[in-house]
Number of protein chains: 4
Amino acid sequence: MELGIVGLGRMGGNIALRLMDAGHRIVAHDVLAEARARLAAAGAEPAESLAALVAGLAAPRTVWVMLPAGAVTETAIAALADLLSPGDCIIDGGNTFYKDDIRRAATLQARGLDYVDVGTSGGVWGRERGYCMMIGGPAQTVNRLDGLFAALAPGAGDVPRTPGREGRDPRAEQGYLHTGPAGSGHFVKMIHNGIEYGLMQAFAEGFDILANKNTPALPEAERYDLNVADIAEVWRRGSVVSSWLLDLAAIALAGNESLSDYEGSVADSGEGRWTVFAAIEEAVSADVLSAALYARFRSRRDHTFGERLLSAMRYQFGGHEEQGSGH
Amino acid sequence: MELGIVGLGRMGGNIALRLMDAGHRIVAHDVLAEARARLAAAGAEPAESLAALVAGLAAPRTVWVMLPAGAVTETAIAALADLLSPGDCIIDGGNTFYKDDIRRAATLQARGLDYVDVGTSGGVWGRERGYCMMIGGPAQTVNRLDGLFAALAPGAGDVPRTPGREGRDPRAEQGYLHTGPAGSGHFVKMIHNGIEYGLMQAFAEGFDILANKNTPALPEAERYDLNVADIAEVWRRGSVVSSWLLDLAAIALAGNESLSDYEGSVADSGEGRWTVFAAIEEAVSADVLSAALYARFRSRRDHTFGERLLSAMRYQFGGHEEQGSGH
Amino acid sequence: MELGIVGLGRMGGNIALRLMDAGHRIVAHDVLAEARARLAAAGAEPAESLAALVAGLAAPRTVWVMLPAGAVTETAIAALADLLSPGDCIIDGGNTFYKDDIRRAATLQARGLDYVDVGTSGGVWGRERGYCMMIGGPAQTVNRLDGLFAALAPGAGDVPRTPGREGRDPRAEQGYLHTGPAGSGHFVKMIHNGIEYGLMQAFAEGFDILANKNTPALPEAERYDLNVADIAEVWRRGSVVSSWLLDLAAIALAGNESLSDYEGSVADSGEGRWTVFAAIEEAVSADVLSAALYARFRSRRDHTFGERLLSAMRYQFGGHEEQGSGH
Amino acid sequence: MELGIVGLGRMGGNIALRLMDAGHRIVAHDVLAEARARLAAAGAEPAESLAALVAGLAAPRTVWVMLPAGAVTETAIAALADLLSPGDCIIDGGNTFYKDDIRRAATLQARGLDYVDVGTSGGVWGRERGYCMMIGGPAQTVNRLDGLFAALAPGAGDVPRTPGREGRDPRAEQGYLHTGPAGSGHFVKMIHNGIEYGLMQAFAEGFDILANKNTPALPEAERYDLNVADIAEVWRRGSVVSSWLLDLAAIALAGNESLSDYEGSVADSGEGRWTVFAAIEEAVSADVLSAALYARFRSRRDHTFGERLLSAMRYQFGGHEEQGSGH
């Protein structure tokens with residue numbers, strides 16, 4: 001099969017490479033000449049413009065947009081829509097908010113274009129391990145593109161089969177899934193990321209308690225000087241918390257047990273926030289997923305206005321002087 | 001009536017003054033001569049030792065211990081127990097953990113001594129406004145000491161009467177209450193402080209959102225430059241959140257709207273922690289009270305090990321470089 | 001002054017009555033004839049339609065819309081905009097989302113109409129106690145309507161003055177405030193309600209721990225049979241948690257200490273949800289305000305899918321049988 | 001090597017079987033004759049009493065106690081201590097609170113006995129997969145027993161090696177670890193379980209949001225009827241949230257996508273609670289681990305007193321009638 005790819009950064013570039021490994025033909029565009037050249041060297045046909053990319057594909061064309069979510073993606077898709085013909089298909093593989101997918105799919109459908117949203121997990125390990133994909137859009141289109149998704153997916157690998165799945169969608173075991181209509185792919189990927197935040201924060205809190213078990217605040221007889229690198233490693237085998245995130249924690253801790261090469265100022269992206277919005281819209285409690293998000297917010301601030309207000313109220317009612325303040 | 005007071009700091013000293021204002025006789029001890037002299041100047045009979053204090057009182061004696069919770073209080077009560085006679089009474093007015101009260105009451109009872117635990121709220125405003133008291137111990141003893149409690153309590157004041165209280169304990173309307181057996185006074189005070197943490201954090205978060213409504217992270221049309229001092233003030237009249245803590249916030253904000261004279265490093269005392277322990281022992285969910293406690297913990301740390309682990313995991317799976325780190 | 005009021009329910013009706021008490025002229029419309037008649041009997045001039053209401057006012061007209069937020073309010077304002085003339089003013093006193101205010105104000109301004117959003121706190125007690133008002137809109141218009149706001153507000157009353165407010169906006173001490181441009185009134189009211197959720201949940205958790213201190217899960221020596229009605233009452237005097245919400249809790253508990261006449265299925269309205277959205281948009285942590293919202297969500301569900309998944313995972317890894325289930 | 005085992009339930013029995021598979025000699029005691037007989041049939045030497053068990057072992061003896069934490073374990077260890085001789089060793093493989101380990105180790109050491117605490121993860125899968133073990137106690141003793149631990153552990157298996165572990169403790173890669181002095185094994189296992197609660201709750205919330213994405217509360221265009229069984233399966237391959245707990249969730253959902261065979265009343269054990277205690281003692285924030293615990297508490301209650309209080313306050317200030325209540 002053949003595919004146009006717009007955006008040849010780490011994700012888009014690796015997707016192109018993995019598809020070419022599987023024998024697919026790639027026409028590749030990026031605004032950076034260097035990125036185009038890198039992909040060309042690897043066997044892709046470079047396109048200097050969106051128009052050139054569209055011209056380089058046979059109908060029905062499929063163009064995978066792999067750009068930062070938001071205005072950049074929006075603009076690229078609008079431009080592509082003007083260049084493509086009825087029956088062609090645009091895939092958004094980025095981290096778009098699913099309500100934007102719903103809106104876009106309706107607009108494009110009115111012009112005869114198909115729209116498929118693909119939530120893509122796998123990060124920098126994807127090229128080697130394959131990408132876990134959650135795919136929203138018309139079933140017919142998703143089926144037509146099955147060869148591309150199958151090539152990108154991790155495949156069954158040596159992951160043990162889940163008993164009792166007979167009769168269920170076999171694609172899930174290959175690592176990709178048609179989740180439903182437009183937006184559902186990005187919605188499921190968004191919840192995936194929300195869960196990821198929660199899992200990460202659970203590990204963060206647990207290791208924080210381990211790392212502080214030697215604090216002078218504790219009675220001396222109850223202090224331990226624990227080796228968190230070894231603990232992460234031992235939990236990788238046979239424990240209930242074994243997981244890929246733990247594998248990654250073990251790698252990081254093996255390299256530097258104190259993690260002193262990190263500051264601890266943690267970014268968040270849209271998915272974690274949108275997951276909380278989705279929970280609230282459904283009136284579903286999401287204490288853990290929210291707390292995980294808030295911990296990241298707090299990690300990026302020095303002191304908050306709220307904390308200063310706490311100190312101020314304490315001073316007012318109790319005359320409690322804050323250490324190191326005028327009060 | 002007459003009362004011995006051990007510990008003439010801000011709380012103990014003011015309690016003595018308020019009782020003397022009401023005509024009670026006070027024998028006062030503190031390890032600091034200066035504190036003894038200050039109370040003597042105000043009309044108390046100073047006692048240079050616990051023995052002198054006990055000797056200065058007629059049986060049945062009552063001694064109010066107002067010292068920092070923990071070893072200091074424990075030692076003073078043990079020493080008093082050796083000096084007092086059957087029928088005498090020790091009051092612990094500090095912030096003792098209620099399980100220590102239960103243990104102590106049993107020990108003292110075996111020696112014929114009464115033990116009364118008084119949870120005391122009011123802080124630096126207590127001398128003027130009176131102290132809200134939650135009192136645990138034998139009913140007979142609590143009743144015998146009613147004159148002291150009534151003098152210390154705020155009284156009905158101009159607080160509107162709660163409709164439907166006919167037939168209920170009239171002391172509650174005066175601002176003091178016999179809550180039950182030993183430890184119950186401190187238990188109720190402990191929960192009071194746990195709630196206080198939650199209330200304070202609710203205000204802290206709300207004002208944090210108000211103060212950040214002008215952040216460049218928002219679209220310009222959705223930013224407001226809000227006057228938090230005026231907002232605190234307006235909420236004091238007729239709003240659902242009107243409260244003494246809001247009054248204090250309004251005072252602090254009127255003085256310095258940016259609270260720039262506070263750093264935001266917020267202390268916590270035992271009660272907030274014990275409230276969470278109590279909730280867990282009862283299997284009662286306490287999300288808000290716990291979150292309030294954790295916000296204080298976090299306010300006193302720079303970056304946590306957990307936050308560094310989050311950054312490390314993000315780097316491992318996504319190659320996300322932390323701003324300003326080697327990664 | 002004179003004012004048109006649209007919507008004569010509990011809030012709108014009481015606002016009309018309080019304004020008439022202060023000598024203002026009210027033209028009143030409601031779709032229900034009964035509501036119009038009730039207000040007419042109290043001295044208002046009833047208007048059978050929006051057109052009649054507009055016709056009954058002299059320019060520059062002011063119309064206070066007091067309807068359920070959302071489509072009903074939106075429709076009424078659109079209809080009024082067609083009937084009013086440049087220089088007239090529409091007030092939305094309901095619980096509108098502040099971004100809707102921003103949009104509306106721009107639309108109406110283009111037609112020469114002023115728009116003022118008033119966040120109104122006070123509930124059923126407002127007619128008697130006055131309404132605490134947070135007001136967004138053009139300063140000139142807000143100033144022109146000052147007589148109305150002053151009449152609706154609680155006034156200084158016997159609330160002690162906050163020291164240090166010299167030189168600050170005197171309206172705040174009367175219980176109303178011009179908070180800034182369009183939407184800011186509802187934004188501040190929204191945060192007020194978010195805080196209210198947090199305060200309420202802090203009390204809910206604290207009283208839950210008190211009420212369960214007699215559970216058989218505790219060692220017998222550590223159980224207390226606490227009187228929560230008396231505890232609520234005693235905290236009203238001199239304690240740090242004294243507040244209007246505590247007054248209300250005391251009233252409810254005095255009437256029925258076990259609260260057996262309530263089920264505990266707790267509704268939430270938009271403001272609590274929007275507060276969380278606002279916090280996330282600003283990247284401000286709001287653990288307590290979110291937890292308070294989630295507790296309400298959870299109170300309205302029987303068992304959640306998430307809880308069943310927890311049971312299912314426990315069964316899978318540990319063979320833990322759920323009580324009363326097939327597993 | 002040879003080992004006495006006390007307690008032949010699911011855990012103790014499987015441990016005995018796995019050790020015998022590896023060629024170790026087992027003397028096995030349980031109060032239930034049936035349990036003894038089952039192990040005897042599998043090759044163990046049954047002992048009708050603790051005394052018989054001790055008599056059946058050569059010095060220095062090692063006895064593994066695998067009983068419910070608390071009084072049962074405490075009693076058995078006290079009885080064994082009276083039967084054993086200096087140089088012998090008691091292993092507690094259960095879920096004992098680590099402070100009890102510290103106390104016990106000191107008591108036993110004074111009598112010349114060694115004490116080793118083993119936190120054991122693996123559940124019903126342990127016999128087949130091996131047990132992940134966290135081991136506290138004297139290094140010399142732990143080293144002497146290495147053959148037993150190595151036989152019980154999962155071994156390196158096909159889990160990929162963590163890069164950069166050269167020079168670190170090789171036991172961790174085999175799935176067992178000497179964590180430090182007495183109590184540290186159970187402490188690390190306790191934090192493991194605390195993390196487990198957090199991970200499980202993150203999945204629970206995420207799947208709850210997925211399962212409710214079809215609620216009528218949402219606009220029809222934003223609803224999806226998602227297949228949670230397929231989603232759990234697809235995430236097992238290449239996604240960031242892949243983990244053993246997800247594997248188990250996938251098994252459960254493959255069998256019954258609605259989980260209708262579970263009620264959702266979720267038990268908790270000591271470790272989750274003690275993890276929160278440990279966090280608070282260290283002043284470490286543990287929002288996610290606490291929220292996970294509280295969600296389990298809440299899942300076992302119908303309505304709470306706190307929720308009824310919320311309803312009561314809402315009725316008092318707003319006249320909000322609760323659905324289905326007299327108010």
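Trainee: What exactly am I supposed to notice about the overall build of chain A here?
Mentor: On a plain count of helices and strands, chain A comes out with 14 helices and 8 strands. Counting only C-alpha atoms and orienting by the principal axes, one finds that chain A spans roughly 75 × 45 × 45 Å. A total of 327 residues make up chain A; the buried ones form 65% of that total. In chain A, of all internal contacts separated by at least 6 residues, the share reaching a separation of at least 24 is 62%.

Trainee: Help me understand the nonpolar core in this model?
Mentor: Among soluble globular proteins, nonpolar side chains are generally buried collectively. In terms of nonpolar packing, the biggest core is built from 255 residues, with Trp-235 of chain A, Phe-207 and Trp-235 of chain B, Trp-235 of chain C together with Trp-235 of chain D touching the most fellow members. Ignoring any residue separated from it by four or fewer positions in sequence, one finds Trp-235 of chain D in contact with Cys-132, Met-134, Val-188, Ile-191, His-192 and Ile-195 of chain A together with Phe-207, Leu-210, Val-241, Ser-242 and Leu-246 of chain D.

Trainee: Any chance you could explain the sheet that holds strand β8 (residues 176-180) of chain D here in plain terms?
Mentor: Consider a sheet: its strands pair through backbone hydrogen bonds, and that pairing is either parallel or antiparallel. Taken together, 8 strands build an open sheet; the order of strands is β3-β2-β1-β4-β5-β6-β7-β8 (chain D) and the sheet is mixed. Of all the strands in the sheet, the pair left with one neighbour each is β3 (45-47) and β8 of chain D. Sheet twist, expressed as the mean angle between neighbouring strand axes with direction ignored, is 25°. Sheet topology places strand β7 (residues 132-136) of chain D next to β8 of chain D; 4 bridges connect them, and they run parallel. Across the sheet, residue Ile-135 of chain D finds its bridge partner in β8 of chain D, namely His-178 of chain D. Each of β7 and β8 of chain D touches helix α10 (residues 228-235) of chain A; the most contacted strand, β7 of chain D, lies at about 145° to it.

Trainee: Explain the interface of chain A and chain C to me, please; I cannot follow it from the model alone.
Mentor: Interfaces are frequently sized by the accessible area removed from exposure as the parts join. On the side of chain C, 21 residues touch chain A, which itself brings 21 residues to the contact. Connecting chain A to chain C are 6 residue pairs in polar contact (both at pLDDT 80 or more). Elements that contribute at least two residues to the side of chain A that touches chain C include exactly α12 (270-281) and α13 (287-299) of chain A. Ranked by residue count, the leading element in the side of chain A that touches chain C is α13 of chain A, at 7 residues. Grouping the constituent residues of the side of chain A that touches chain C by class yields 13 nonpolar, 2 polar and 6 charged.

Trainee: Explanation requested: the interface of chain A and chain D in the structure shown.
Mentor: With 92 residues of chain A at the interface, the matching set in chain D holds 92 residues. Taking both partners together, chain A and chain D bury about 7,600 Å²; carbon and sulfur atoms supply 66% of that area. Linking chain A with chain D are 8 salt bridges. As a salt-bridge pair, Glu-233 of chain A and Arg-165 of chain D come within 3.9 Å of each other at their nearest N and O atoms. Summed over the shared surface of chain A and chain D, the number is 38 residue pairs in polar contact (both at pLDDT 80 or more). Per-element accounting of the side of chain A that touches chain D gives the leading share, 17 residues, to helix α9 (residues 184-211) of chain A. Of the residues belonging to the side of chain A that touches chain D, the class tally is 48 nonpolar, 24 polar and 20 charged.

Trainee: How should the relation of the copies chain A and chain D be read in this particular structure?
Mentor: The operation linking the two copies of the chain is a rotation about an axis combined with a translation along the axis. Least-squares fitting of chain A to chain D yields an RMSD of 0.1 Å, with the transformation described by 0.0 Å of translation along the axis and a rotation of 180°. In symmetry terms, the pair is related by a two-fold rotation axis. Using C-alpha coordinates, one finds that chain A approaches the rotation axis most closely at Ser-243 of chain A, a distance of 1.8 Å. An overlap of 100% is found between the interface residues of chain A and their copies at the interface of chain D, pointing to a shared contact surface.

Trainee: Please clarify how the relation of the copies chain A and chain C should be interpreted in this entry.
Mentor: Each copy of the sequence occupies a distinct position, and chain A is placed on chain C by a rotation of 180° and an axial shift of 0.0 Å, giving an RMSD of 0.0 Å. The residues that chain A uses at the interface reappear at the interface of chain C in 100% of cases, marking a shared surface.

Trainee: For this particular structure, what's the right way to read the side chain of Glu-222 of chain D?
Mentor: For Glu-222 of chain D, the location among the structural elements is in the loop between α9 (184-211) and α10 (228-235). Of note is the side chain of Glu-222 of chain D, whose polar atom sits 3.3 Å from the side chain of Lys-99 of chain A. The residues touching Glu-222 of chain D, leaving out its near neighbours within four places in the chain, are Tyr-98, Lys-99, Ile-102 and Glu-281 of chain A together with Lys-213 of chain D.

Trainee: Which parts of the structure should I look at to understand the pairing of strand β2 (residues 25-29) of chain C?
Mentor: Where a strand is regular, its side chains alternate between the two sheet faces. Residues and elements named next belong to chain C. Here β2 lies mainly inside the structure; 4 of its 5 residues are buried. Note that strand β1 (residues 2-6) and β2 share 5 bridges and pair parallel. Across the sheet, residue Ile-5 finds its bridge partner in β2, namely Ala-28. For the segment spanning β1, helix α1 (residues 10-21) and β2, crossover handedness is right-handed. In this sheet, strand β3 (residues 45-47) lies alongside β2 in parallel orientation, the contact comprising 3 bridges. The partner of Ala-28 across the bridge, within β3, is Pro-46. In terms of handedness, the path from β2 via helix α2 (residues 33-41) over to β3 forms a crossover that is right-handed.

Trainee: Just checking my understanding: could you explain the packing of helix α4 (residues 71-83) of chain A against helix α5 (residues 98-110) of chain A for this structure?
Mentor: The relative placement of two packed helices comes down to the angle between their axes together with the axis-to-axis distance. Residue and element names in this part refer to chain A. At their nearest, the axes of α4 and α5 sit 11 Å apart, and the two run at 10° to each other. Here α4 is positioned roughly parallel relative to α5, judged by the angle of their axes. Together, Thr-73, Glu-74, Ile-77 and Ala-81 of α4 and Arg-103, Arg-104 and Leu-108 of α5 make up the contact between the two elements. The residue makeup of the contact of α4 with α5, split by class, is 3 nonpolar, 1 polar and 3 charged.

Trainee: Is there a simple way to think about unusual backbone geometry in this case?
Mentor: A negative phi holds for most residues other than glycine; trans holds for most peptide bonds. A cis geometry characterises the amide bond from Ala-59 of chain B onward to Pro-60 of chain B, with omega recorded as -5°. One non-glycine residue, Leu-259 of chain A, adopts positive backbone phi at about 55°. One can find Leu-259 of chain A in the loop between α11 (244-255) and α12. Taking relative accessible area as the criterion, Leu-259 of chain A reaches 0% and is therefore assigned buried.

Trainee: What is the right way to look at a negative patch on the surface in this model?
Mentor: Residues Glu-263 and Asp-302 of chain A together with Glu-263 and Asp-302 of chain B make up a contiguous surface patch of negative charge. Tracing the backbone through its elements, the reader meets Asp-302 of chain B in the loop between α13 (287-299) and α14 (305-318). Owing to a relative accessible area of 61%, Asp-302 of chain B belongs among the exposed residues under this scheme.

What counts and how
Residues numbered from 1 in each chain as written. Chains lettered and ligands numbered in written order. Predicted model: local features only at pLDDT ≥ 70, side-chain atom pairs only at ≥ 80, totals over all residues. Heavy atoms only, no water. Helix = DSSP H or I, 4+ residues; strand = E, 2+ residues; numbered from the N terminus. Buried < 20%, exposed > 50% of the residue type's maximum accessible area, 1.4 Å probe, protein only. Contact = heavy atoms within 4.5 Å. Core = buried A, V, L, I, M, F, W, Y, C linked by side-chain atoms within 4.5 Å. Pairing = 2+ DSSP bridges. Axes fitted to C-alpha atoms, helices over the stretch in contact; angles between N-to-C directions. Polar contact = N/O pair within 3.5 Å; in protein donor to acceptor, adjacent residues only side chain to side chain. Nonpolar A, V, L, I, M, F, W, Y, C, P; charged D, E, K, R; others polar. Buried area = accessible area lost by both parts, 1.4 Å probe. Salt bridge = Lys/Arg side-chain N within 4 Å of Asp/Glu carboxyl O. Least-squares fit on C-alpha atoms with pLDDT ≥ 70 in both. Right-handed = clockwise from strand over helix to strand, strands pointing away. Parallel < 35°, antiparallel > 145°, perpendicular 65-115°, else oblique. Patch = residues over 30% accessible without salt bridge, like charges linked within 9 Å, V, L, I, M, F, W, Y side chains within 5 Å. Areas by Shrake-Rupley, 256 points an atom, 1.4 Å probe, with all protein chains shown as cover. Lys, Arg positive; Asp, Glu negative; His and termini not counted. Charge placed at Lys NZ, Arg CZ, Asp CG, Glu CD.

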